[in-house]
Every structure is written in structure tokens, then in C-alpha cells.
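# Working through the structure, step by step
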Amino acid sequence: MDGFSEVDHAFMARALALAEHARDAEGEVPVGAVLVMDGRIVGEGWNRNIGLNDPTAHAEIQALRAAGQAVSNYRFPGATLYVTLEPCTMCAMAMIHARVGRVVYGATDPKTGAAGSVFDTLVSPLHNHRVEVVGGLRADEAGDMLRRFFRARR
């Protein structure tokens, strides 16, 4: 067993489906995210940078925005964010400000990852909130999707 629960696998499967949607329906970099509170999805997102002409429209930000609207709050204590790619520093700081409890990611990002690959933003003792970080869930699948996407663009 890989150390992840069936619930973790189920929510990551949804994040991967959103990444596929980003790629297939919108021509976006295939990253998907879901925010889960009390066992249910309260926000979903996928990369929309290209279509929205918005550098902040990462999957995680989209999921956090959707969750804020769904629960009428900007804070999500105890929530888990599932994302197919290790979050960048922008997304990591948004999770800290939102008081997300845990992030579970798929593939690591060796160029801009802020969950341990390049930066340790989510667990920095310099912040007033730290997010539990667990990486590697379905990493091969998420990483392959990204590699195939970029290979097709070259």
C-alpha cells in the first residue's frame, strides 16, 4: 500500500479528471485541484491562465475561490486540498491565508515547487499557520500527463 487512504485516492482521481479537462477542453496546462471539507468537495479548479489571461488562475486558486463562494467564507480550517502538481509559492501562500489544514499533491515541481522541492513555504515556522504536506499520490500519472502535454507543444 502507498500510505494514502481510499478517500485520498478518490479525491485525487477527481483532481486528475479536472486536469484532463483543462488539457482537453481548454488547452490549458493539465493541473486540477479539489478542496474538501467534512468529507465533501466544496471547491474545484483547473488551470485557466491561458483562457482567462490571468497569471493567478492556477488550479488551486480556482478551487479556493469556488470554495469561498460555496461556504461563504475565505477560511477553510481543517480542509484538505488535493492537487495534481506540487503548489507554487503563490498557491502555497493562498492556502496559508485560507488556513487550509492539509495539501495532498501528485507530481513534484522541481522548478517552482513550494511544498518541499524548491521552497518549504507551507511548513515555514515564519508563518502564523502551517499546512500539513503529503506528496506523491498518483505522481506518475500526474507527471506523465504534464510531460505529454509539454512534449506535444514543442
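For the structure itself, consult the block above.
First things first, this report covers the structure right here in the doc. On a predicted model such as this, the values are computed, not experimentally measured, just so you know.

### Description of the nonpolar core
Counting 44 residues, the largest nonpolar core has L35, L64, F76, L81, M95, V100 and L122 as its most contacted members. Residue assignment for this core shows that the elements contributing at least two residues are α1 (6-26), β1 (32-37), α3 (59-71), β3 (80-85), α4 (89-98), β4 (102-107) and α5 (139-153). At six residues, α1 tops the list of elements feeding residues into this core. Look past the residues within four positions of L35 in its chain and what remains in contact with it is R40, I41, V42, G43, A63, L64, A67, F76, A79, T80, L81 and V100.

### Regarding the sheet that holds strand β5 (residues 132-135)
Working definition: the strands of a sheet are paired by backbone hydrogen bonds and lie parallel or antiparallel to each other. Within the open sheet, the five strands sit side by side as β2-β1-β3-β4-β5. Their pairing is mixed. With one partner strand each, in any of the chains shown, β2 (40-46) and β5 form the two edges of the open sheet. In this sheet, adjacent strand axes meet at a mean angle of 15° when their direction is disregarded. Bridge count between β1 and β3: four bridges; the pairing is antiparallel. Bridge pairing in β3 places L35 opposite L81. Relative to the sheet, α3 contacts β1, β2 and β3, its axis offset from that of β2 by approximately 140°.

### Here we look at the layout of surface pockets
Quantified by volume, the largest pocket comes out at close to 610 Å³. V29, L85, D109, L146 and F150 are, among the 26 residues lining the largest pocket, the residues nearest its centre. The element best represented in the lining of the largest pocket is α5, accounting for six residues. Looking at side-chain class alone, the lining of the largest pocket contains twelve nonpolar, six polar and eight charged residues.

### Description of the pattern of salt bridges
Pairing between side chains of opposite charge can happen when their charged atoms approach one another. In total, this model carries seven salt bridges according to the counting rule given. Between D24 and R23 there is a salt bridge, with the nearest N and O atoms lying 2.5 Å from each other. Classification of D24 by relative accessible area gives exposed; the value is 56%. Counted as one network, the salt bridges with shared partners bring together D8, R102 and E132.

### Examining α1
For α1, with 21 residues, the first-to-last C-alpha span of 29 Å sits near the 30 Å given by 1.5 Å per residue. Within the sequence span of α1, burial applies to D8, F11, M12, A15, L16, L18, A19 and A22. Taken down its axis, α1 places every buried residue within 155° of arc, on the same side. More than 90 degrees from the buried face of α1, the exposed residues found are E6, D24 and A25. Those residues of α1 that are buried are in contact with β1, β2, β3, β4 and α5. Downstream of α1 by a residue or two, G27 has a phi angle that is positive, lying close to 65°.

### With respect to the packing of aromatic side chains
All chains considered together, the criterion is met by two aromatic pairs. Relative to Y82, the ring of F11 lies with its centre 5.4 Å away and its plane at 40°, an arrangement referred to as tilted. A residue pair is termed long-range when its members are at least 10 positions apart, and F11 in helix α1 and Y82 in strand β3 qualify at 71 residues. Note on F149 and F150: the rings are 5.2 Å apart at their centroids and 80° apart in plane angle, and the pair reads as edge-to-face. Assessed through its relative accessible area of 35%, F150 is described here as partly exposed.

Cut-off values and rules
- Residues numbered from 1 in each chain as written.
- Predicted model: local features only at pLDDT ≥ 70, side-chain atom pairs only at ≥ 80, totals over all residues.
- Heavy atoms only, no water.
- Core = buried A, V, L, I, M, F, W, Y, C linked by side-chain atoms within 4.5 Å.
- Buried < 20%, exposed > 50% of the residue type's maximum accessible area, 1.4 Å probe, protein only.
- Helix = DSSP H or I, 4+ residues; strand = E, 2+ residues; numbered from the N terminus.
- Contact = heavy atoms within 4.5 Å.
- Pairing = 2+ DSSP bridges.
- Axes fitted to C-alpha atoms, helices over the stretch in contact; angles between N-to-C directions.
- 1 Å grid on protein atoms, 1.4 Å probe; cavity = no way out; pocket = protein on both sides within 12 Å on 5 of 7 lines; lining within 4 Å.
- Points joined across faces, edges and corners; volume = space filled by probe spheres on them.
- Nonpolar A, V, L, I, M, F, W, Y, C, P; charged D, E, K, R; others polar.
- Salt bridge = Lys/Arg side-chain N within 4 Å of Asp/Glu carboxyl O.
- Expected span 1.5 Å × (residues − 1).
- Arc of directions from axis to C-beta.
- Phe/Tyr/Trp six-rings, centres within 6.5 Å; stacked < 30°, edge-to-face > 60°.

From the geometry alone we can't say anything about function, so treat these as descriptive.
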